[in-house]
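For reference, the chains in residue letters:
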Amino acid sequence: MQEVRTRFAPSPTGFMHIGNLRTALFEYLVAKAQHGTFILRIEDTDQKRQVEGALAKIYQTLASVGMTYDEGPDKPGDCGPYVQSERFGMYLPEALKLVKSGHAYYCFCTEERLAQLHSDLEKSGASFIGYDRYCRNLSREEVEAKLAAGTPFVIRQKMPDSGETTYHDEVYGDITVQNNTLEDQVLVKSDGYPTYNFANVVDDHAMRISHVVRGCEYLSSTPKYVLLYEAFGYEQPKYIHLPLINGKDGKKLSKRHGATSYEELINAGYLPEAVINYLALLGWSPASTEELFTLSELEQQFDIAHIAKAPAVFDIEKLQWFNSQYIIRKSTADFFRLIEPALQELCGDKQELWQRLQTQQDLLARILQPRLSVLTEVREKLAFLPSLPEYSTDLFVHKKMKTTLESAKAVLADLQTELKNLPSWTETDLHDLMINYAQKRELKNGMVMWPIRVAATGMQVSPGGAVEALVLLGREESLQRIEVALEKLK
Ligand code: GLU
């Protein structure tokens with residue numbers, strides 16, 4: 001059986017878009033599900049579109065999601081180099097092979113002529129706007145004279161004049177195009193750089209790529225690649241085009257739909273493993289109804305047959321659900337490590353608070369893990385910690401808890417003294433103190449807990465109850481806040 005080899009071939013032109021990462025993931029999974037080889041190839045021949053730092057983002061992203069490539073710029077294999085600009089010298093000789101075999105030709109048309117041609121075609125309402133094949137008919141002598149004179153040239157692919165080209169896509173089935181709709185595309189530009197359309201074929205063949213996986217926006221270009229493979233006499237790879245990713249409104253995913261790059265999602269508090277799990281389901285469905293998969297589980301279960309044609313829908317709420325599932329499954333220590341940056345930011349220069357939070361990892365995990373859909377929510381959930389928010393005394397009145405302004409005032413006043421005298425400020429002792437007090441006064445627990453929690457947090461809702469809030473705040477701050485509440489209730 002042929003070795004399965006796939007490649008992720010990003011161009012370093014900016015952020016890692018979700019669509020690109022989904023493509024990378026499917027390429028990785030197509031390879032790994034068949035014990036194949038996954039390659040990283042950097043497509044940087046379009047020098048104008050390069051963005052500084054984009055390359056580093058590609059490496060960081062793949063590393064952070066755990067998609068390890070077997071060959072790549074920093075992982076030598078026998079098909080290197082794996083950066084197209086470093087393969088610069090390889091493309092022109094390949095194109096010249098095609099000139100020699102009659103599948104390509106030199107074109108000396110100037111930019112001005114091409115611009116004029118375009119505008120004339122547009123004005124005339126022509127259905128085909130493309131190169132008019134002028135140089136296709138130059139005589140051998142004319143070509144040689146121009147080359148000898150050093151006239152700048154490009155090399156173009158000679159498309160068949162008639163007939164049609166059909167190829168098989170593993171997802172979309174047979175795709176056919178009429179050859180007269182195909183432009184004699186440029187293969188090598190006047191600066192000697194290959195076009196993407198040429199380089200991808202040369203490199204995919206040189207790197208023995210068995211499965212070409214990419215977004216379905218490439219469905220219509222693929223006949224050109226198929227014709228190039230034929231012209232070279234190379235064996236075709238298998239083609240796997242992936243469905244579009246749309247927003248919930250059915251439109252192509254864009255900024256409008258919120259975070260669209262991996263980096264933005266991570267900054268917004270999503271976990272890499274949740275993003276990967278969710279992306280795997282954008283265009284693929286498992287045989288079972290199971291939805292949660294680690295990357296290695298995906299490697300076991302993934303199959304090409306279950307890739308869908310219909311556009312996938314990127315639903316940020318669904319991603320939040322996945323994220324919450326991963327958050328809840330973290331160990332206490334891992335969870336604390338994840339929220340540490342948000343906690344530190346929250347504490348600012350309040351060193352004492354920060355130190356206390358470090359000693360309350362179990363408590364924090366217990367009250368936060370079930371309540372977070374993204375990690376950054378920690379900041380709003382614990383907003384009451386660094387300083388007491390402004391609040392209205394109306395908060396003390398709670399129908400279900402049966403609290404009134406008067407009952408709240410009485411409870412706070414009584415407990416103020418008892419709390420001052422409590423020997424240790426632990427969860428158990430604070431809990432027992434309040435429960436005993438409620439029993440003694442024949443009050444429902446809520447009548448005691450609610451006013452304390454409101455006084456401590458100033459918030460309608462906070463993660464955990466009165467006891468947790470007091471522990472996180474510490475004795476001194478808690479007592480001060482009860483004092484503030486009593487002032488307000490005077
Ligand atoms: N460099 C292309 C891109 O970033 C790769 C397309 C392909 O997979 O062939 O869109």
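Bear in mind the structure is a predicted one, so any value in this text is a computation, not a measurement.

Rules of the game
- Residues numbered from 1 in each chain as written.
- Predicted model: local features only at pLDDT ≥ 70, side-chain atom pairs only at ≥ 80, totals over all residues.
- Heavy atoms only, no water.
- Helix = DSSP H or I, 4+ residues; strand = E, 2+ residues; numbered from the N terminus.
- Rg over C-alpha atoms; globule rule 2.2 N^0.38 Å.
- Buried < 20%, exposed > 50% of the residue type's maximum accessible area, 1.4 Å probe, protein only.
- Contact = heavy atoms within 4.5 Å.
- Core = buried A, V, L, I, M, F, W, Y, C linked by side-chain atoms within 4.5 Å.
- Salt bridge = Lys/Arg side-chain N within 4 Å of Asp/Glu carboxyl O.
- Pairing = 2+ DSSP bridges.
- Axes fitted to C-alpha atoms, helices over the stretch in contact; angles between N-to-C directions.
- Right-handed = clockwise from strand over helix to strand, strands pointing away.
- Near = heavy atom within 4 Å.
- Nonpolar A, V, L, I, M, F, W, Y, C, P; charged D, E, K, R; others polar.
- Parallel < 35°, antiparallel > 145°, perpendicular 65-115°, else oblique.
- Left-handed = near helix turned anticlockwise from the far one by under 90°.
- Polar contact = N/O pair within 3.5 Å; in protein donor to acceptor, adjacent residues only side chain to side chain.

For the rest of this paragraph, the subject is the overall build of the protein. Per the secondary structure count, the protein includes 20 helices and 11 strands. Relative to the 2.2 N^0.38 estimate, which gives 23 Å for 490 residues, the radius of gyration of the protein is 32 Å and therefore markedly larger than a compact globule would have. Across its three principal axes, the protein shows a C-alpha extent of roughly 110 × 50 × 35 Å. When burial is assessed residue by residue, the protein has 50% of its 490 residues classed as buried. Expressed as a percentage of contacts within the protein between residues at least 6 apart in sequence, the contacts between residues at least 24 apart total 74%.

Turning our eyes to something else, we now look at the nonpolar core. A general tendency of soluble globular proteins is for nonpolar side chains to be buried together. The biggest cluster of nonpolar side chains holds 151 residues, and the ones touching the most others in it are Met67, Phe198, Leu419 and Met434. A per-element tally of this core places helix α1 (residues 18-33) first, with nine residues. Filtering out sequence-adjacent residues up to four positions away, Phe198 remains in contact with Tyr91, Glu94, Ala95, Leu98, Leu187, Val188, Leu228 and Phe232.

Under the definition given, this model contains 30 salt bridges. Of the charged contacts, one joins Asp78 and Arg208 as a salt bridge, the two residues approaching to 3.5 Å between their closest N and O atoms. Here the residue Asp78 occupies a position in the loop between α2 (54-65) and α3 (91-100), and Arg208 occupies one in the loop between α6 (196-206) and β8 (211-215), the gap between them amounting to 130 residues. Judged by relative accessible area, Arg208 falls into the partly exposed class, the value being 39%. Note that Arg133 and Asp161 form a salt bridge whose closest N and O atoms lie 3.0 Å from each other. Linking Arg133 in the loop between α4 (111-123) and α5 (140-148) with Asp161 in the loop between β4 (154-157) and β5 (164-169), this pair joins segments that are 28 residues apart in sequence.

Time to look at the sheet that holds β4. For sheets, the rule is that strands pair by backbone hydrogen bonds, running either parallel or antiparallel. One open sheet accounts for three strands, arranged β3-β4-β7; its pairing is antiparallel. For this open sheet the edge positions go to β3 (104-107) and β7 (186-188), each flanked by a neighbour on one side alone. For this sheet, the mean inter-axis angle between neighbouring strands, taken without regard to orientation, is 40°. Pairing of β4 with β7 involves two bridges; the strand directions are antiparallel. Following the sheet pairing, Arg156 is matched in β7 by Val186. Each of β3, β4 and β7 is contacted by α3, which is oriented at about 110° to β3, the strand it contacts most.

For the rest of this paragraph, the subject is the pairing of strand β2 (residues 37-40). Because side chains alternate across β2, one face comprises the buried residues Thr37 and Ile39, and the other comprises Phe38 and Leu40, equally buried. Relative to β2, strand β1 (residues 5-8) runs parallel, the two being bridged by four bridges. Counted as the bridge partner of Thr6 is Phe38 from β2. Once the chain exits β1 it traverses α1 before rejoining the sheet at β2, and the crossover so formed is right-handed.

Let us now look at the site of the ligand. Around the ligand, the neighbouring residues are Arg7, Ala9, Pro10, Ser11, Glu43, Tyr196, Arg214 and Tyr218. Taken together, the residues that form the shell around the ligand break down as four nonpolar, one polar and three charged.

Packed helices, taken two at a time, are described by the angle between their axes plus the distance between the axes. In the contact formed by helix α12 (residues 332-347) and helix α13 (residues 351-359), the axes pass within 10 Å of each other and the chain directions differ by 160°. Regarding the angle of α12 to α13, the classification is roughly antiparallel. Our pair here, α12 against α13, has a crossing hand that is right-handed. Contacts between α12 and α13 pair Phe336, Glu340, Leu343, Gln344 and Cys347 from the former with Leu353, Trp354, Leu357 and Gln358 from the latter. When its residues are assigned to classes, the contact of α12 with α13 shows six nonpolar, two polar and one charged.

Along the chain, Gly80 connects to Pro81 via a cis peptide bond; the corresponding omega equals -10°. Among the structural elements, Pro81 can be located in the loop between α2 and α3. A positive phi angle is found at His35, which is not glycine, with a value near 55°. As for its position among the elements, His35 is in the loop between α1 and β2. For His35, a relative accessible area of 77% corresponds to the exposed category. With a phi angle near 65°, Arg133 is a residue other than glycine that sits in the positive phi range. Relative accessible area serves as the criterion here: at 19%, Arg133 is assigned to the buried category.

Looking at the secondary structure, you find Thr165 in strand β5. Polar side-chain contacts of Thr165 include one of 2.5 Å to the side chain of Asn179. When near neighbours in sequence (up to four residues on either side) are disregarded, Thr165 contacts Ile175, Thr176, Val177, Asn179, Pro223, Val226 and Leu227.

With that settled, consider the environment of Lys381. With respect to the helices and strands, Lys381 occurs in helix α15 (residues 377-381). For Lys381, a relative accessible area of 24% corresponds to the partly exposed category. Expressed as a C-alpha distance, the spacing of Lys381 and Leu138, which sit 243 residues apart in the sequence, is 73 Å. Beyond its immediate chain neighbours, meaning those up to four positions away, Lys381 contacts Leu368, Arg371, Leu372, Met459 and Pro463.

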